[in-house]
Amino acid sequence: MSTPGTEAPVRTRIAPSPTGDPHVGTAYAALFNLAFARRNGGEFILRVEDTDRTRYVEGSEQQVFDTLRWLGFSWDQGPDVGGPAAPYRQSERLPIYREVAERLLAEGHAYECWCSSERLTQMRERQQKLKIPTGYDRLCYGKTREERAELPGFTEVPVLRMLVPDDARITFSDLIRGEITPPQPDDQVILKADGFPTYHLAVVVDDNAMGVTHVIRGEEWISSTAKHLLLYRWLGWAEPQYAHMPLLRNADRSKISKRKNPAARLKWFQEEGYLPEALVNFLALMGYSMPDGKEIFTFDEVVESFDFARVNPVGPVFDIDKLNWLNGHYLRALDDDAFLRAAEPFLPGGLTGEDIRGLVVPLRERTKKLSELAEQLDWLAAETVEIQPADLAKHGLPAADARTALEAFAKNLEQLDPFEQAQITATLDRVVAELGLNRRRSFMTARLALVGKPVSPPLDDTMAALGAQRTVQRLRQASAAIEG
């Protein structure tokens, strides 16, 4: 499938910054860029925007690679896979940006600015106080270095700014939102004093050099698009098509951020035990609707149906309850062995799934995320558990019968050798029958004694996992507590 009006092969990209834990928005953007590229038989590029050296975090780049691959995403060009437009780290492309910046300066589309940060702060504060639009006031424009040095707020090393025409009203056609006219841009800095480009210069230079045909990014970049299109036109380069995706938002409609919401961290989903296919499904739902309206679907199905007309421009609310529901569905779809493999990193005490297969597998039906397994199995690692008399009255046997049942269970179970599931089950059933007590309530009493709560895996599996000594010990401790 080809895109009307597009002669070059479709090529999309994401360009994360290695400034800490990867943001979930990186995965969200990658999903739609990759889906569109695959739908059109094109290429998907990963580029690292590491020009902000003050915020650079060692190891962050590798986290981006690892988490995106965990989601099942792959790229055709990038720092770790190479490609015809290498290098793919912006810090390794500085001479390219410098050459373009000097061309813009020579052709009158840029100028040097020597204003100090203190002077710029004062300027913005004055503009805000006067309630006029903020933006650079062009104090340096048209001046030589010597002329500017005679004025206040001078700094030795200049930056380079775009010279934006006063009538630069740019309109572009967005593939999701239709015709858009962003606000009049100001004289944006394009080359910093340290020789590194700003985002606005680097993104245009790199997208052109890498043959990017479609820029699919968050709606927060709409206001910057006019600056980028000006640079394309000044440089005589072919302009890409733009599609601005809706932002992921908190329940209060604010933009989701790592400072306010732990779910903004992409690794948080791994830490909490979400399956990658569930997260991909969820992120796709945040901005896209399937033609048949279904809510559970694969990435390949997104690719097969992809159409920008199905993207909702309204910012979706990041609904964790919906994600939990989806993840529960995907967990239940796993077979026993796959569930045990997924569960193993979340089990207490270094146990393996095979060690407690009989405990873990039954929990699949009520587990929404794998981190819940630690809470559901916390009794297994605990030295002792406490039972509440109110729980016994509500779920188990009355106090006198509870003491009788617990002591009888303990006496008979400590004689078992081997202490295995089949023998445990037979012993429990025999004791209940001999005592003439309600089986369900008797078992619940034992469950409360062993795990401290009315929900656990099957009682015989629970006892087998605890072992004979701890099982008998907890039954007798509970009996003594009831007597007290």
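Quantities reported herein were computed from a predicted structural model and do not represent experimental measurements.

### Points about the overall build of the protein
Item 1. Regarding its fold elements, the protein presents 20 helices and nine strands.
Item 2. Taking 2.2 N^0.38 as the reference for a compact globule, 484 residues should give roughly 23 Å; the C-alpha atoms of the protein span a radius of gyration of 31 Å, well beyond that estimate.
Item 3. Overall size of the protein, expressed as C-alpha extent along the three principal axes, is 100 × 55 × 40 Å.
Item 4. In the protein, which comprises 484 residues, the proportion classed as buried is 50%.
Item 5. Of the contacts made within the protein by residues no fewer than 6 positions apart, 73% connect residues no fewer than 24 positions apart.

### Overview of the pairing of strand β4 (residues 154-162)
Item 1. The pairing of strand β3 (residues 110-115) with β4 spans five bridges and is classified as antiparallel. From the neighbouring strand, C115 faces β4, where its bridge partner is F154.
Item 2. Pairing analysis gives two bridges linking β4 to strand β7 (residues 189-191), with the strands arranged antiparallel. Paired with L160 across the bridge in β7 is L191.

### Notes on the pairing of strand β2 (residues 43-46)
Item 1. Note: strand β1 (residues 11-14) against β2, four bridges, orientation parallel. Each residue of the ladder has a partner; that of R11, found in β2, is E43.
Item 2. Viewed along the sheet, the connection from β1 through helix α1 (residues 24-39) into β2 turns out right-handed.

### Some remarks on the environment of L435
Item 1. Here L435 shows up in helix α18 (residues 421-435).
Item 2. What makes L435 partly exposed here is its relative accessible area of 33%.
Item 3. Distance from L435 to L247, taken between C-alpha atoms, is 64 Å for residues 188 residues apart in sequence.
Item 4. Once residues lying within four places of it in the same chain are set aside, the contact partners of L435 are T404, A405 and A408.

### Looking at the pattern of salt bridges
Item 1. Enumeration over the complete set of coordinates arrives at 34 salt bridges.
Item 2. A salt bridge links D137 to R119; its shortest N-O distance comes to 2.5 Å. Here D137 is found in the loop between α4 (117-129) and α5 (145-149), whereas its partner R119 is found in helix α4, with 18 residues between them in sequence.
Item 3. Taking relative accessible area as the criterion, D137 reaches 32% and is therefore assigned partly exposed.
Item 4. Between R138 and D166 there is a salt bridge, with its nearest N and O atoms 3.4 Å apart. Note that R138 is positioned in the loop between α4 and α5 and D166 in the loop between β4 and β5 (172-174), a separation of 28 residues in sequence.
Item 5. Salt bridges sharing common partners tie together R13, R47, E49, R93, D206 and D207.

### Regarding the side chain of S456
Item 1. Turning to its location among the elements, S456 is positioned in the loop between α19 (439-451) and α20 (459-483).
Item 2. Setting aside its immediate chain neighbours within four residues, S456 contacts R366, R447, V451 and T462.

### Thoughts on the nonpolar core
Item 1. Counting 103 residues, the largest nonpolar core has L68, F269, L283, F318, F409 and L413 as the members making the most contacts within it.
Item 2. When residues in this core are grouped by element, the largest group, 10 residues, is from α1.

What counts as what
- Residues numbered from 1 in each chain as written.
- Predicted model: local features only at pLDDT ≥ 70, side-chain atom pairs only at ≥ 80, totals over all residues.
- Heavy atoms only, no water.
- Helix = DSSP H or I, 4+ residues; strand = E, 2+ residues; numbered from the N terminus.
- Rg over C-alpha atoms; globule rule 2.2 N^0.38 Å.
- Buried < 20%, exposed > 50% of the residue type's maximum accessible area, 1.4 Å probe, protein only.
- Contact = heavy atoms within 4.5 Å.
- Pairing = 2+ DSSP bridges.
- Right-handed = clockwise from strand over helix to strand, strands pointing away.
- Salt bridge = Lys/Arg side-chain N within 4 Å of Asp/Glu carboxyl O.
- Core = buried A, V, L, I, M, F, W, Y, C linked by side-chain atoms within 4.5 Å.

From the geometry alone we can't say anything about function, so treat these as descriptive.
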